[in-house]
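Residue-level structure breakdown
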Amino acid sequence: MIEMQDVTKKYPNKTTAVRGISVHIKQGEFVYVVGPSGSGKSTFIKLMYREEKATSGKKLEVVNHDLLKIKNKEVPYLRRDIGVVFQDFKLLPRKTVYENVAYAMQVIGRKPREIKKRVMEVLDLVGLKHKVRVFPSELSGGEQQRVSIARAIVNTPKVLIADEPTGNLDPDTSWEIMKLLERINNQGTTIVMATHNKTIVDTMRHRLIAIENGLIVRDEAEGEYEFDD
Ligand code: ADP
Ligand code: ADP
């Protein structure tokens, strides 16, 4: 599903954020990416959805897309196979809940009838069917994150990438989001999630990849958080 061999990312300012990382993530896995601030977690996952380009590498494949060779005009096709969820939700403020989710299907040319059916299906899955006409500013943080998850999965991606999805949420709301991600994972979607949340990582155990200074320092089947921050 995701394969990296000796992938390096050096930013134009000469910071090397990812140093020759190799990793293999299989279909259906749930993977936490942890590490101190500035260790390279975001860069590592941004390489997976081509938000950043690798500086060098022997292999960087995500859902059968070769990201070392992919052209800019092919990136939209990659993005159909990957859903992304952010700490700050990134919803469109002038669109309703329904429109935020439907938009992801409209841009890839799905038919209106198909869009309506699928949008209601995913809004039901995230428990927000009753909020279709509401704008993001009228929702709590947890609800906004659920809309962003609905948007991320509406095109049934093989992989869901989440960068600190609970970073702006209180503990109870964070657990609700985690239960939702777990449910999506149980339906077969691979999940890669960068997080600082020790309680979540240590309680809801999954594969854990720890990054320090641009290197993978641990990769454990049901690892503990183990950092102090
Ligand atoms: P983390 O997600 O673990 O906090 P990042 O991947 O954001 O780590 O950052 C890793 C390193 O790369 C840090 O030293 C950071 O300052 C640097 N960095 C991140 N993004 C950029 C960028 N766009 N330009 C230059 N340096 C960056
Ligand atoms: P939570 O319990 O997740 O923190 P809130 O207390 O923020 O949620 O919100 C509770 C309910 O009130 C939610 O259903 C939310 O949609 C609604 N709500 C919150 N803020 C607003 C607002 N500014 N305008 C309208 N409805 C709101």
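In every chain, residue numbers begin from 1 and rise along the written sequence. Working convention: letters from A go to chains and numbers from 1 go to ligands, in the order in which they are written. The model is predicted, so local features are restricted to residues of pLDDT at least 70 and side-chain atom pairs to those at 80 or more, both for listing and for counting; the totals for chains, interfaces and linings are taken over all residues. For the side-chain quantities, the full set of heavy atoms in the structure was used; hydrogens and water were omitted.

1. Details of the packing of aromatic side chains
Stacked, edge-to-face and tilted labels apply to pairs of Phe, Tyr and Trp rings (six-membered ring for Trp) whose centres lie within 6.5 Å, assigned for plane angles under 30 degrees, over 60, and everything in between, in that order. Summed over all chains, the structure comprises three aromatic pairs. Here the aromatic rings of Y225 and F227 are separated by 5.8 Å at their centres, their planes lie at 80 degrees, and the arrangement is edge-to-face. Both residues of the pair, Y225 and F227, count as buried. Any Lys NZ or Arg CZ that is within 6 Å of a ring centre and within 35 degrees of that ring's normal is treated as a charge sitting over the ring. Positioned above the aromatic ring of F86, the side-chain terminus of K90 is 5.1 Å from the ring centre. Each residue's exposure class comes from its accessible area (1.4 Å probe, protein chains only) as a fraction of the maximum for that residue type: buried when under 20%, exposed when over 50%, partly exposed otherwise.

2. As for the site of ligand 2
In the vicinity of ligand 2, the contacting residues are K131, S137, E138, L139, S140 and E143. Here E138 contributes a backbone N or O atom positioned 3.1 Å from an oxygen atom of ligand 2. For this analysis, a polar contact is any N or O atom pair within 3.5 Å, provided that within protein one partner can donate a hydrogen and the other can accept it, and provided that sequence-adjacent residues contribute only side-chain to side-chain pairs. Here an oxygen atom of ligand 2 sits 3.2 Å away from a polar atom, N or O, in the side chain of S140. For ligand 2, whose unbound accessible area comes to 550 Å², protein coverage reaches 37%. The class makeup of the residues in the shell around ligand 2 is one nonpolar, two polar and three charged. The cutoff for a nearby residue is simple: one of its non-hydrogen atoms must lie within 4 Å of the molecule or strand. Computed by Shrake-Rupley with a 1.4 Å probe, the accessible areas treat only the displayed protein chains as cover when residues are assessed. Asp, Glu, Lys and Arg are counted as charged, while Ala, Val, Leu, Ile, Met, Phe, Trp, Tyr, Cys and Pro are counted as nonpolar; the rest, among them Gly, fall into the polar class.

3. Quick look at the site of ligand 1
In the vicinity of ligand 1, the contacting residues are Y11, N13, T15, A17, P36, S37, G38, S39, G40, K41, S42 and T43. A distance of 2.8 Å is found between an oxygen atom of ligand 1 and a backbone nitrogen or oxygen belonging to S42. The contact in question runs from an oxygen atom of ligand 1 to an N or O atom on the side chain of T43, over 2.5 Å. For ligand 1, the protein covers 63% of the area, taking 560 Å² as the surface of the free molecule. Secondary structure elements are defined from DSSP: runs of H or I of at least 4 residues count as helices, runs of E of at least 2 residues count as strands, and each element is numbered from the N terminus. Here the shell around ligand 1 takes three residues from helix α1 (residues 41-48), the largest share from any one element. Looking at the shell around ligand 1 residue by residue, the class counts come to three nonpolar, eight polar and one charged.

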